[in-house]
Amino acid sequence: MRDKKVLFITQAAMIAAIYVVVTVVFSAFSFGEVQVRISEALTILPLFTPAAIPGLFIGCIIGNAMGGAIVLDVVFGSIATLVGAVGSWLLRKHRYLVPIPPIIVNVLIVPFVLRYGYGVPLPIPFMMLTVGLGEIISCGVLGYILMFALNKVKHVIFKNTVMS
């Protein structure tokens, strides 16, 4: 039992670290009213391990903070990632639906953060569209690519925690 806890914590920490690094390295694309947050491709990881849920949440908190986001963005952007990750985990039996929860949750939350946190004057429906397109690219397209790549080696990488 202790080994499984250590494995869970290690996987969560690694996922958080990867999320932070990718968010910061690609910060030019990760923030703003038109954003393609490459690190959001990792939101498919709950398909393989429940450790991805806290890993993505903590990674998003740290990535947002290191990227210079305001407190409102750190809090609500990270909550969006957490809710999306939980939704992905709940849909793990339907692997092709796994990217949908993070897309929907970010479309519903991020435009309001942009408007009321950053004062972006664009219409909220327009920002929902731009954020949605960015999420489709990162969670959908890049997430599917990552999902298919990891599916081939899931028993090695996610040893003893593979859920699907």
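See the structure above.
Just so it is clear, the model here is predicted, and its values are computed rather than measured. (Residues numbered from 1 in each chain as written. Predicted model: local features only at pLDDT ≥ 70, side-chain atom pairs only at ≥ 80, totals over all residues. Heavy atoms only, no water.)

1. What to know about the overall build of the protein
Alright, step 1. A count of helical and extended segments in the protein gives 7 helices and 0 strands.
Alright, step 2. Going from N to C terminus, the protein has its helices and strands arranged as α-α-α-α-α-α-α.
Alright, step 3. For 164 residues, the compact-globule formula gives about 15 Å, and the C-alpha radius of gyration of the protein, at 15 Å, lands near that figure.
Alright, step 4. For the protein, the C-alpha atoms occupy an extent of roughly 50 × 30 × 25 Å along the three principal directions.
Alright, step 5. Across the 164 residues of the protein, 44% fall into the buried class.
Alright, step 6. Taking contacts inside the protein between residues at least 6 apart in sequence as the whole, the part at least 24 apart equals 68%.
Alright, step 7. Summed over its atoms, the accessible surface of the protein is roughly 8,200 Å², and 77% of this surface lies on carbon and sulfur atoms.
Alright, step 8. Charge separation in the protein, taken as the distance between the mean sites of 11 positive and 5 negative side-chain charges, equals 16 Å. (Helix = DSSP H or I, 4+ residues; strand = E, 2+ residues; numbered from the N terminus. Rg over C-alpha atoms; globule rule 2.2 N^0.38 Å. Buried < 20%, exposed > 50% of the residue type's maximum accessible area, 1.4 Å probe, protein only. Contact = heavy atoms within 4.5 Å. Areas by Shrake-Rupley, 256 points an atom, 1.4 Å probe, with all protein chains shown as cover. Lys, Arg positive; Asp, Glu negative; His and termini not counted. Charge placed at Lys NZ, Arg CZ, Asp CG, Glu CD.)

2. Focus: helix H3 (residues 52-66)
Alright, step 1. Between its first and last C-alpha, H3 extends 20 Å over 15 residues, near the 21 Å set by a 1.5 Å rise per residue.
Alright, step 2. Burial in H3 covers these residues: Ala52, Ile53, Gly55, Leu56, Gly59, Cys60, Gly63 and Asn64. Down the axis of H3, the buried side of the element spans an arc of 160°, and every buried residue falls inside it.
Alright, step 3. Note on H3: the residue one or two positions beyond its end, Gly68, has a positive phi of about 85°. (Expected span 1.5 Å × (residues − 1). Arc of directions from axis to C-beta.)

3. As for the side chain of Glu40
Alright, step 1. On the secondary structure map, Glu40 appears in the loop between helix H2 (27-30) and H3.
Alright, step 2. As a buried residue without a salt bridge, Glu40 has its nearest oppositely charged side chain in Arg37, at a separation of 5.1 Å.
Alright, step 3. Once you skip the residues sitting within four places of it in the chain, Glu40 turns out to touch Tyr19, Thr81, Pro102, Asn106, Glu135, Ser138 and Cys139. (Salt bridge = Lys/Arg side-chain N within 4 Å of Asp/Glu carboxyl O.)

4. Focus on the layout of surface pockets
Alright, step 1. What the largest pocket holds in volume is close to 220 Å³.
Alright, step 2. Lining the largest pocket are 22 residues; nearest its centre among them are Ser30, Phe31, Gln35, Arg37 and Asp73.
Alright, step 3. Sorting the residues of the lining of the largest pocket by element identifies H3, helix H4 (71-90), helix H5 (100-118) and helix H6 (124-151) as the ones contributing at least two each.
Alright, step 4. Of all the elements, H5 adds the most residues to the lining of the largest pocket, at 5 residues.
Alright, step 5. When the residues that make up the lining of the largest pocket are grouped by side-chain class, the tally is 9 nonpolar, 9 polar and 4 charged.
Alright, step 6. Taken as a whole, the second largest pocket spans an internal volume of roughly 160 Å³.
Alright, step 7. Among the secondary structure elements, those contributing two or more residues to the lining of the second largest pocket are helix H1 (2-25) and H6.
Alright, step 8. Looking at the lining of the second largest pocket, the element that brings in the most residues is H1, giving 4 residues.
Alright, step 9. Counted by class, the lining of the second largest pocket contains 9 nonpolar, 1 polar and no charged residues. (1 Å grid on protein atoms, 1.4 Å probe; cavity = no way out; pocket = protein on both sides within 12 Å on 5 of 7 lines; lining within 4 Å. Points joined across faces, edges and corners; volume = space filled by probe spheres on them. Nonpolar A, V, L, I, M, F, W, Y, C, P; charged D, E, K, R; others polar.)

5. Observations concerning the environment of Ile100
Alright, step 1. Along the chain, Ile100 turns up in helix H5.
Alright, step 2. The partly exposed category is assigned to Ile100, whose relative accessible area is 35%.
Alright, step 3. Counting along the chain gives 16 residues from Ile100 to Gly84, while the straight-line C-alpha distance between them is 8.1 Å.

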